[in-house]
Amino acid sequence: MIIHLDADAFFASVEQASDPRLRGKAIAVGGVKRGIIASASYEARKLGVYTPMPTAQARRICPKLIVIPGDFSKYEHFSRMMFSYAYDFTPDVEVGSIDEGYFDLRSQKMKPAREIADVIRVAVAQSLKLSASFGIGSNKLVSQVASKLRKPGCFIEVPVGTERGFLGPLPNRWLPSIGPKVGTMLDAAGLKHVEQIALTSPELLSYFVGGYAPQLWKFAQGIDDRPIVTETPDAQSYGEQETFNEDVTDEAFVLATLQTIETSARRGADIVRQILSFARGLDEERVEIGPGKLLQDLRTIIEQTFPKNIWLDFLMPEKSWNIRGDPTQLHQVLLNLCVNARDAMPEGGELIVSVENCTLDAQFAAMSPPAQPGRYVKFNVTDSGVGIPQENLNKIFEPFFTTKEVSRGTGLGLSTVLSIVKKHQGFIQVYSHRGKGTTFRVYLPAAVDKPQEAATFAGSAEVPRGSGETVLVVDDEASILTITSQTLEAFGYKVLKAADGAEAVTIYVREQKEIDVILTDMKMPVMDGPTTIHALLKINPKIRIIAASGHNETEENAQAQTYGIRHFLAKPYSTEQMLRTLHAVLISQEEEYWD
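Since the structure is predicted, the reported quantities are computational estimates derived from the model, not experimental observations.

Tell me about the overall build of the protein, and name the residues and values.
When helices and strands are tallied, the protein shows 23 helices and 21 strands. The contacts in the protein between residues at least 6 apart in sequence include a share of 68% that link residues at least 24 apart. Here the protein displays about 28000 Å² of accessible surface, and carbon together with sulfur accounts for 52% of that area.

Lay out the pattern of salt bridges with the relevant residues and their values.
Tallied over the entire structure, the rule returns 20 salt bridges. Residues joined by salt bridges that share partners form a network here, namely Asp6, Asp8, Glu100, Lys148 and Lys151.

An account of helix H20 (residues 529-539) is needed here, citing residue identities and associated values.
The complete set of buried residues in H20 reads Gly529, Pro530, Thr532, Ile533, Leu536 and Leu537. All buried residues of H20 project into a common sector of 160° when viewed along the axis, lining one side.

Before we move on, could you go through helix H4 (residues 72-87) and cite the residues and values that matter?
End to end, H4 covers 23 Å across 16 residues, agreeing with the expected 22 Å (1.5 Å per residue, within 8%). Taken as a whole, H4 has its buried residues at Phe72, Tyr75, Glu76, Phe78, Ser79, Met82, Phe83, Tyr85 and Ala86. Of the surrounding secondary structure, the elements contacted by the buried residues of H4 are strand E1 (2-7), helix H1 (10-18), strand E2 (27-30), strand E6 (93-97), strand E7 (100-104) and helix H5 (113-128).

Before we move on, can you summarise the sheet that holds strand E21 (residues 568-570) with the specific residues and values?
In space, the five strands of this open sheet follow the order E18-E17-E19-E20-E21, with parallel pairing throughout. Taken across any chain shown, the strands that pair with only one partner, and hence form the sheet edges, are strand E18 (494-498) and E21. Adjacent strand axes in the sheet meet at a mean angle of 20°, parallel and antiparallel pairs treated alike. Here strand E17 (residues 470-474) runs beside strand E19 (residues 517-521); their pairing, made up of four bridges, is parallel. From the neighbouring strand, Leu472 faces E19, where its bridge partner is Ile518.

Outline the side chain of Thr581, supporting the account with residue identities and numerical values.
Mapped onto the elements of the fold, Thr581 is located in helix H22 (residues 575-587). A relative accessible area of 16% places Thr581 in the buried class. A polar side-chain atom of Thr581 sits 2.8 Å from the main-chain carbonyl oxygen of Gln577. Not counting residues within four places of it along the chain, the set of residues in contact with Thr581 comprises Ile546, His567 and Leu569.

Account for the packing of helix H8 (residues 180-188) against helix H10 (residues 202-209), with residues named and values stated.
Where H8 contacts H10, the two axes come as close as 10 Å, and the packing angle between them is 130°. With respect to their mutual orientation, H8 and H10 come out oblique. Between H8, through Val182, Met185 and Leu186, and H10, the contact on the second element is made entirely by Tyr207, Phe208 and Val209. Taken together, the residues of the contact of H8 with H10 break down into six nonpolar, no polar and no charged.

Can you tell me about the confidence of the model for the protein, naming the residues and giving the values?
Here the protein averages 79 in pLDDT, and 82% of its residues register 70 or above. Within the protein, the lowest mean pLDDT, 40, falls on helix H23 (residues 590-593), and the highest, 94, falls on E17. Scored below 50 in pLDDT, residues 267-283 shows 36 contacts in the model against residues more than four places distant or in partner chains. A low-confidence stretch, residues 406-411 stays under pLDDT 50, and its non-local contacts, those more than four residues away or across chains, total 20 contacts.

Help me get a handle on the nonpolar core, residues and values and all.
With 42 residues, the main nonpolar core has Ile302, Leu351, Phe379 and Phe440 as its most contacted residues. Excluding residues that lie within four positions of it along the chain, Phe440 makes contacts with Leu337, Phe379, Asn380, Val381, Ile388, Ile396, Phe397, Leu414, Ile428, Gln429 and Val430. Judged by nonpolar contacts, the second largest core, of 34 residues, contains Val95, Phe103, Val124 and Ala132.

Lay out the packing of aromatic side chains with the relevant residues and their values.
Think of a pair of aromatic rings as described by two things: how far the centres are apart, and how the planes are tilted against each other in angle. Per the counting criterion, the structure on display carries eight aromatic pairs. When the ring of Tyr376 is compared with that of Phe427, the centres are 5.7 Å apart and the planes differ by 75°; the resulting orientation is edge-to-face. Of the two residues, Tyr376 sits in strand E14 (residues 374-383) while Phe427 sits in strand E15 (residues 427-432), which places them 51 residues apart along the sequence. For the pair shown, Tyr376 and Phe427 are each scored as buried. Aromatic rings pair up to connect Phe10, Phe11 and Tyr75 into one cluster. The ring of Tyr42 has Arg45 lying over it, and the distance from NZ or CZ to the ring centre is 4.8 Å.

Just give me the short version of the sheet that holds strand E13 (residues 349-360), but keep the residues and values in it.
Strand order in the open sheet made by the five strands is E11-E13-E14-E16-E15, with mixed pairing throughout. This sheet does not close on itself; its edge strands, each paired only once, are strand E11 (310-315) and E15. Put simply, the sheet's adjacent strands are angled 15° from each other on average, direction ignored. Helix H14 (residues 291-305) contacts E11, E13 and E14 of the sheet and is inclined by roughly 170° relative to E11.

I'd like a description of the environment of Pro291, backed by residues and values.
Residue placement: Pro291 occurs in helix H14. Measuring from C-alpha to C-alpha, the distance between Pro291 and Trp321 comes to 7.7 Å, with 30 residues separating the pair along the chain. Other than its neighbours up to four places away in sequence, Pro291 contacts Met316, Ser320, Trp321, Asn322, Val355, Val377 and Phe379.

Tell me about the environment of Val122, residues and numbers included.
Counting through the fold element by element, Val122 comes out in helix H5. Take Val122: its relative accessible area is 34%, and that puts it in the partly exposed class. Taking the C-alpha atoms as reference points, Val122 and Ala132, ten residues apart in sequence, are found 9.2 Å from one another.

Now, about the pairing of E7: what can you tell me, with residues and values included?
Within E7, five of the five residues are buried, which leaves the element mostly enclosed by the surrounding structure. Here E7 shows two buried faces, one formed by Glu100, Tyr102 and Asp104 and the other by Gly101 and Phe103. Two strands pair when backbone bridges link them, and E6 and E7 are joined in this way by four bridges, in the antiparallel orientation. Bridge assignment links Val95 to a residue of E7, and that residue is Gly101.

Definitions and cut-offs
- Residues numbered from 1 in each chain as written.
- Predicted model: local features only at pLDDT ≥ 70, side-chain atom pairs only at ≥ 80, totals over all residues.
- Heavy atoms only, no water.
- Helix = DSSP H or I, 4+ residues; strand = E, 2+ residues; numbered from the N terminus.
- Contact = heavy atoms within 4.5 Å.
- Areas by Shrake-Rupley, 256 points an atom, 1.4 Å probe, with all protein chains shown as cover.
- Salt bridge = Lys/Arg side-chain N within 4 Å of Asp/Glu carboxyl O.
- Buried < 20%, exposed > 50% of the residue type's maximum accessible area, 1.4 Å probe, protein only.
- Arc of directions from axis to C-beta.
- Expected span 1.5 Å × (residues − 1).
- Pairing = 2+ DSSP bridges.
- Axes fitted to C-alpha atoms, helices over the stretch in contact; angles between N-to-C directions.
- Polar contact = N/O pair within 3.5 Å; in protein donor to acceptor, adjacent residues only side chain to side chain.
- Parallel < 35°, antiparallel > 145°, perpendicular 65-115°, else oblique.
- Nonpolar A, V, L, I, M, F, W, Y, C, P; charged D, E, K, R; others polar.
- pLDDT = per-residue confidence, 0-100.
- Core = buried A, V, L, I, M, F, W, Y, C linked by side-chain atoms within 4.5 Å.
- Phe/Tyr/Trp six-rings, centres within 6.5 Å; stacked < 30°, edge-to-face > 60°.
- Lys NZ or Arg CZ within 6 Å of the ring centre and 35° of its normal.

Have a look at this one:
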């Protein structure tokens with residue numbers, strides 16, 4: 001266990017201990033003129049004198065206050081004596097400042113940590129006439145909080161395994177590096193307590209604390225892996241420090257500083273109110289939402305927080321369908337995706353967020369489980385960044401998967417996004433290529449009374465129909481093969497089916513005089529798309545082929561282009577896209593289509 005020792009009102013206590021005439025009286029240590037009170041005895045604090053406070057103000061509150069400049073050599077002497085007791089039990093002592101520090105007892109087996117802390121506490125009180133508070137815990141954070149929780153005379157032990165429960169109910173300011181400005185912003189966002197911070201992803205916390213967010217999130221879990229930094233007793237000297245010999249400030253300066261903090265906090269709160277959902281916790285509110293409102297709030301946040309070298313564009317249709325969901329959680333989805341886009345463009349770039357109304361038919365839905373036919377609102381988040389390697393595309397939604405540095409992310413952002421989208425009966429698609437950017441497409445059901453009515457193919461009378469032409473459909477996924485064949489037959493085509501490239505070549509050799517066009521997937525076992533295309537062109541160099549792929553600009557498509565294939569369908573594709581592409585291939589002149 002680690003013990004944190006924190007001397008109570010150290011500077012004032014040393015003066016009282018060294019001069020019996022001061023014991024029990026309200027005293028303060030600070031500037032010799034109108035300086036600032038750096039330390040006030042607990043007798044003074046009972047009367048309203050706190051640290052820091054201008055000396056003039058302290059004297060108005062307590063006319064009998066005794067203010068002394070302080071003797072630093074005296075403080076150093078008491079500090080050395082106080083920590084010397086810790087060295088009696090362990091060499092692993094870290095003196096963080098003149099009046100507080102840690103000592104690590106994990107390597108010694110002499111006595112329980114609580115007994116050792118009590119021995120030191122009694123020794124300090126009897127020999128130095130100082131009171132000190134002690135916290136005992138499994139790490140530095142927990143022990144330090146425990147020693148300061150109920151000063152003076154605090155003596156708290158936090159059992160191993162209860163760290164998060166101990167910290168959870170405390171105000172956020174108990175975590176390291178949360179000052180007044182950041183604390184006020186977190187309060188405005190609903191993150192008033194440590195447990196609420198623990199429930200918020202580091203990606204979202206970064207808007208309040210920047211790159212410190214992953215560490216802050218770990219602290220909120222009760223996790224602290226900071227080591228004890230030890231020094232020999234002879235190396236512990238504070239003689240170079242200066243103290244209280246000059247006016248540090250005055251009342252007017254303190255008030256001006258507080259005003260600056262308040263102004264900054266209010267400005268931060270204006271930003272934070274727009275992301276209250278993912279800051280507040282787990283409450284869900286399902287209401288009808290206009291996508292325009294989501295984008296408007298998102299744009300305000302991004303414009304005020306993203307680097308200026310990222311060019312932003314937000315695109316909305318004149319009329320967009322509403323969606324039904326929790327507005328705060330949907331804010332979280334879009335902002336998480338935008339944060340990832342920002343991080344993918346460290347040197348700057350372009351970020352485009354757009355909204356589209358779309359009707360998904362059975363053809364599209366079959367290629368995009370768990371999609372269902374119907375009306376959807378599609379949110380696109382596109383960046384011009386470094387892209388995602390193809391080998392990572394299937395891993396990015398896994399919890400804790402991340403390619404970022406330890407200090408920049410935990411891998412929880414996209415898993416949270418996927419979880420929220422699934423709760424809203426939606427789905428996500430990702431398109432990316434290394435060095436050419438990434439697009440995330442989030443489909444959310446439109447708020448319509450009878451969404452199933454939108455399942456029928458929109459505008460089927462206007463799309464081109466077949467006239468008995470034969471299409472060979474090649475795909476290893478049975479559901480896609482079936483729905484594609486049924487759709488083509490419904491629109492006037494004859495269909496032959498192959499479950500892989502080898503079967504497609506066999507069928508073509510047998511039926512090539514009847515086959516007018518081939519629609520083939522590019523990613524298949526046994527014989528993949530490029531190999532299949534190469535084999536078919538060996539048989540008939542002028543055969544018409546449409547390549548379908550779930551990855552834009554992949555190596556397979558690039559390889560198909562080398563064979564003269566110019567028509568591609570990006571999976572998932574709709575019935576209309578398929579029929580129009582098919583029609584274009586069939587009516588095109590050979591000199592326009594072939595190299």
